[in-house]
2 protein chains.
Amino acid sequence: MSDDKNEPEEADDLLPGVNIVLIETSHPGNIGAAARAMKNMGVTQLTLVNPKDFPSDQAVFRAVSAADVIESAVVVPDVDAAIAGCELVIGTSARDRRIPWPMLDPRACGEKVIREQAAGKQVAILFGREDRGLTNEELQKCHFHVNIPTGKAYSSLNLAMAVQVICYEILQAHLSKSSAINTDSDEWDMPFATAGDMEHFFTHLEKTLIDVNFHDPANPRQLLTRIRRMFNRIRPDQMEINILRGFLTAVNEQTSKLP
Amino acid sequence: MSDDKNEPEEADDLLPGVNIVLIETSHPGNIGAAARAMKNMGVTQLTLVNPKDFPSDQAVFRAVSAADVIESAVVVPDVDAAIAGCELVIGTSARDRRIPWPMLDPRACGEKVIREQAAGKQVAILFGREDRGLTNEELQKCHFHVNIPTGKAYSSLNLAMAVQVICYEILQAHLSKSSAINTDSDEWDMPFATAGDMEHFFTHLEKTLIDVNFHDPANPRQLLTRIRRMFNRIRPDQMEINILRGFLTAVNEQTSKLP
């Protein structure tokens, strides 16, 4: 809506590093509407996990002038492939889950995304299926969950509307960042582990927990869920994940000597 | 998205007095999508000024569970009829008009609307045609204009998306006014581990790291410092610290079997 002449030229992709990930979307019209909502807010990196009906004329039609976002969208078979290179993963979610997870509201989400994006990091925001949202397994891959507050009478937002609200708050945070001083320090002495590093660590840990008879896959209780939540909360850096992996390898070497 | 049991019952119309006015809308699907966006945010009073195609099955279809908002919508022939009873009128607009007008951003708009709404006033927010927005004459009937910031590459929001963003900010202002929801996630399902618990854990971990030959006290490098920093960052709860201690005990039992 703005076309001031005296502002600096702006790239199409105002916010590189911000990845919108739509998981198993049923209706291609929602993909198109989400692409338009993204580009309106300066976000252009779209990943589609196993979409039901794509490529689709309906998606291009609803994208209107964001057809380029649709054309450059990356299609992947599963969520791990979508987030493998990302250092911060946020999942959109209802508030109530059996195991509480670190929660953000959309405004805090926008601010967090922009702090990381401005530091050159890759950030993924996951949006689930139209009818069921994200699975618990997908939610457990996230560092944070974000919930869009609603009235009680009707709490289910259209998928593209949710993308609009989240991207709106990301752009707001970007626009206010330029004037504000960053008081919150996301600076760290090491790069953070990626989502792919974390999956390798969880696989290694699970195997080791079984080896030492601490975890019985036949009776999992919620052990692995709690462990995932704990280590995603920690957001280990790469040296820390190497320490953890090294400890597990040392345990493996000891148990391998047992008869 | 929330269904907490112990919050007070809420009327469908959480925000009486807030009137969304859509002017000469061309596509009935946009009316339906706008109705859904409104009801999601607790706003239900919809006025349609001279809609091109209404009533419409497409509007009802896109409204999904907000069909009641469509059914109770008031249809009027011109904007004066729509705003006659309103004490505050705000028009959505691009920023540049020949005659500057008092401008609000969406956040300030939400706060202003809620201040008036809470005082029992009728407020109207006007949304223009899909292709041309509001006329200058319509804009000049407004006390304030509101502009949704966008990226430069694509500045034209879908009509229903604009309704979503404005109603989202209205609900945010309402919720922060009443402090009804806890946006800061201090809620957790378990008490946090005490400093004493943490010291016992660190002692146990150090002993285990030595047992499996991962840590050499004669050559400590900064291993224990890094581990302390990592686990203090995690702030484990009591169940989590029990899981960690249980894993270490299981490792100890295995290594004790070695010669």
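Residues numbered from 1 in each chain as written. Chains lettered and ligands numbered in written order. Predicted model: local features only at pLDDT ≥ 70, side-chain atom pairs only at ≥ 80, totals over all residues. Heavy atoms only, no water.

## Structural notes on the overall build of chain A
Per the secondary structure count, chain A includes 10 helices and seven strands. Counting every position in chain A, which comprises 259 residues, the buried fraction comes to 59%. Of the roughly 10,600 Å² of accessible surface on chain A, 50% is carried by carbon and sulfur atoms. (Helix = DSSP H or I, 4+ residues; strand = E, 2+ residues; numbered from the N terminus. Buried < 20%, exposed > 50% of the residue type's maximum accessible area, 1.4 Å probe, protein only. Areas by Shrake-Rupley, 256 points an atom, 1.4 Å probe, with all protein chains shown as cover.)

## Section: the sheet that holds strand E3 (residues 74–76) of chain B
All names here are of chain B. Strand order in the open sheet formed by seven strands is E3-E2-E1-E6-E4-E7-E5, with parallel pairing between adjacent strands. Of all strands in the sheet, those with a lone pairing partner are E3 and strand E5 (103–104), marking the two edges. Across three bridges, the pairing between strand E4 (residues 88–92) and strand E7 (residues 144–146) is parallel. Along E7, the bridge assignment pairs Ile90 with Phe144. (Pairing = 2+ DSSP bridges.)

## A look at the interface of chain A and chain B
Each partner contributes residues to the interface: chain A has 86 residues there, and chain B has 84 residues. The junction of chain A with chain B conceals about 7,800 Å² of combined surface from both sides, 60% of it contributed by carbon and sulfur atoms. If you look at where chain A meets chain B, you find four salt bridges. B:Asp237 is the salt-bridge partner of A:Arg229, the closest N and O atoms lying 3.2 Å from each other. Counting the contacts that link chain A with chain B gives 20 residue pairs in polar contact (both at pLDDT 80 or more). (Contact = heavy atoms within 4.5 Å. Buried area = accessible area lost by both parts, 1.4 Å probe. Salt bridge = Lys/Arg side-chain N within 4 Å of Asp/Glu carboxyl O. Polar contact = N/O pair within 3.5 Å; in protein donor to acceptor, adjacent residues only side chain to side chain.)

## What about the packing of helix H1 (residues 28–40) of chain A against helix H7 (residues 159–177) of chain A?
All names here are of chain A. Contact geometry for H1 and H7: axes closest at 8 Å, N-to-C directions at 15 degrees. What the angle tells us is that H1 and H7 run roughly parallel. As for the relative orientation of H1 and H7, their crossing is right-handed in sense. Contacts between H1 and H7 involve Asn30, Ala33, Ala34, Ala37 and Met38 from the first element and Leu159, Ala160, Val163, Gln164 and Cys167 from the second. Partitioned by chemical class, the residues of the contact of H1 with H7 number eight nonpolar, two polar and no charged. (Axes fitted to C-alpha atoms, helices over the stretch in contact; angles between N-to-C directions. Parallel < 35°, antiparallel > 145°, perpendicular 65-115°, else oblique. Left-handed = near helix turned anticlockwise from the far one by under 90°. Nonpolar A, V, L, I, M, F, W, Y, C, P; charged D, E, K, R; others polar.)

## Concerning the packing of aromatic side chains
For the structure on display, the rule yields seven aromatic pairs over all chains. Between A:Phe201 and A:Phe202 the ring centres are 5.6 Å apart and the planes differ by 45 degrees, which places this aromatic pair in the tilted class. Taken individually, A:Phe201 and A:Phe202 each receive the classification buried, so the pair is uniform in this respect. Among the aromatic side chains, those forming a connected cluster through ring pairs are A:Phe201, A:Phe202, A:Phe231, B:Phe201, B:Phe202 and B:Phe231. One cation-aromatic arrangement involves A:Arg235 over A:Phe192; the distance from NZ or CZ to the ring centre is 4.2 Å. (Phe/Tyr/Trp six-rings, centres within 6.5 Å; stacked < 30°, edge-to-face > 60°. Lys NZ or Arg CZ within 6 Å of the ring centre and 35° of its normal.)

## Observations regarding the nonpolar core
The biggest cluster of nonpolar side chains holds 94 residues, and the ones touching the most others in it are A:Ile20, A:Leu22, B:Ile20 and B:Leu22. In terms of residues, this core owes the most to one element, helix H7 (residues 159–178) of chain B, which gives 13 residues. Setting aside residues up to four positions removed in sequence, A:Ile20 forms contacts with A:Met38, A:Val43, A:Gln45, A:Leu46, A:Thr47, A:Ile125, A:Phe127, A:Val163 and A:Cys167. A:Leu244, A:Val251, B:Phe202 and B:Phe231 belong to the second largest nonpolar core, which has 39 residues in total. (Core = buried A, V, L, I, M, F, W, Y, C linked by side-chain atoms within 4.5 Å.)

## A short note on unusual backbone geometry
Residues and elements named next belong to chain A. Cis rather than trans, the peptide bond between Phe54 and Pro55 has omega equal to 0 degrees. A positive phi angle, near 50 degrees, is found at Glu24, a position not held by glycine. With respect to the helices and strands, Glu24 occurs in the loop between strand E1 (18–23) and H1. Positive phi values are uncommon outside glycine, yet Asn50 reaches one of about 45 degrees. Topologically, Asn50 is positioned in the loop between strand E2 (45–49) and helix H2 (57–63). You can call Asn50 partly exposed: its relative accessible area is 35%.

## Things to note about the pairing of E4(B)
Residue and element names in this part refer to chain B. Counting buried residues in E4 gives five out of five residues, a clear majority hidden from the surface. Both faces of E4 are covered, namely the face carrying Leu88, Ile90 and Thr92 and the face carrying Val89 and Gly91. The sheet contact formed by E4 and strand E6 (residues 123–127) spans four bridges and is parallel. Along E6, the bridge assignment pairs Val89 with Ala124.

## What about the sheet that holds strand E7 (residues 144–146) of chain A?
Within a beta sheet, neighbouring strands are joined by backbone hydrogen bonds and run either parallel or antiparallel to one another. Residues and elements named next belong to chain A. Here seven strands make up an open sheet; going across it, the order is E3-E2-E1-E6-E4-E7-E5 and the pairing parallel. In the strand order of this sheet, the two ends are held by strand E3 (74–76) and strand E5 (103–104), each with one partner. Of the pairings in the sheet, the one linking E1 to strand E6 (residues 123–127) comprises five bridges and is parallel in character. The partner of Val18 across the bridge, within E6, is Val123.

## Focus on the pattern of salt bridges
Oppositely charged side chains may form a pair once their charged atoms are brought near each other. Residue and element names in this part refer to chain B. Enumeration according to the criterion identifies 23 salt bridges over all chains in this entry. Residues Arg129 and Glu24 are paired through a salt bridge, measuring 2.9 Å at the closest nitrogen-oxygen approach. Taken together, the residues span a long stretch of sequence, with Arg129 in the loop between E6 and helix H6 (136–139) and Glu24 in the loop between strand E1 (18–23) and helix H1 (28–40) at a distance of 105 residues. On the basis of relative accessibility, which here comes to 8%, the residue Arg129 falls in the buried class.

## Side note on the domain arrangement of chain A
Residue and element names in this part refer to chain A. For chain A, the assigned domains read domain 1 (18–177) and domain 2 (195–255). A straight line from the C-alpha centre of domain 1 to that of domain 2 covers 28 Å. Counting residues at the interface gives 17 residues for domain 1 and 11 residues for domain 2. Contact between domain 1 and domain 2 buries roughly 1,300 Å² in total, counting both sides, with carbon and sulfur atoms accounting for 53%. When the buried area of domain 1 at its contact with domain 2 is split by residue, Ile99, Gln140 and His143 rank highest and sum to 42% of it. Counting across the interface, domain 1 meets domain 2 through two salt bridges. The partner of Lys141 in a salt bridge is Glu199, with the nearest N and O atoms 3.5 Å apart. The tally of links from domain 1 across to domain 2 stands at seven residue pairs in polar contact (both at pLDDT 80 or more). Within the residue set of the side of domain 1 that touches domain 2, elements represented by two or more residues are helix H4 (79–83) and strand E4 (88–92). (Domains from an automatic or database assignment.)

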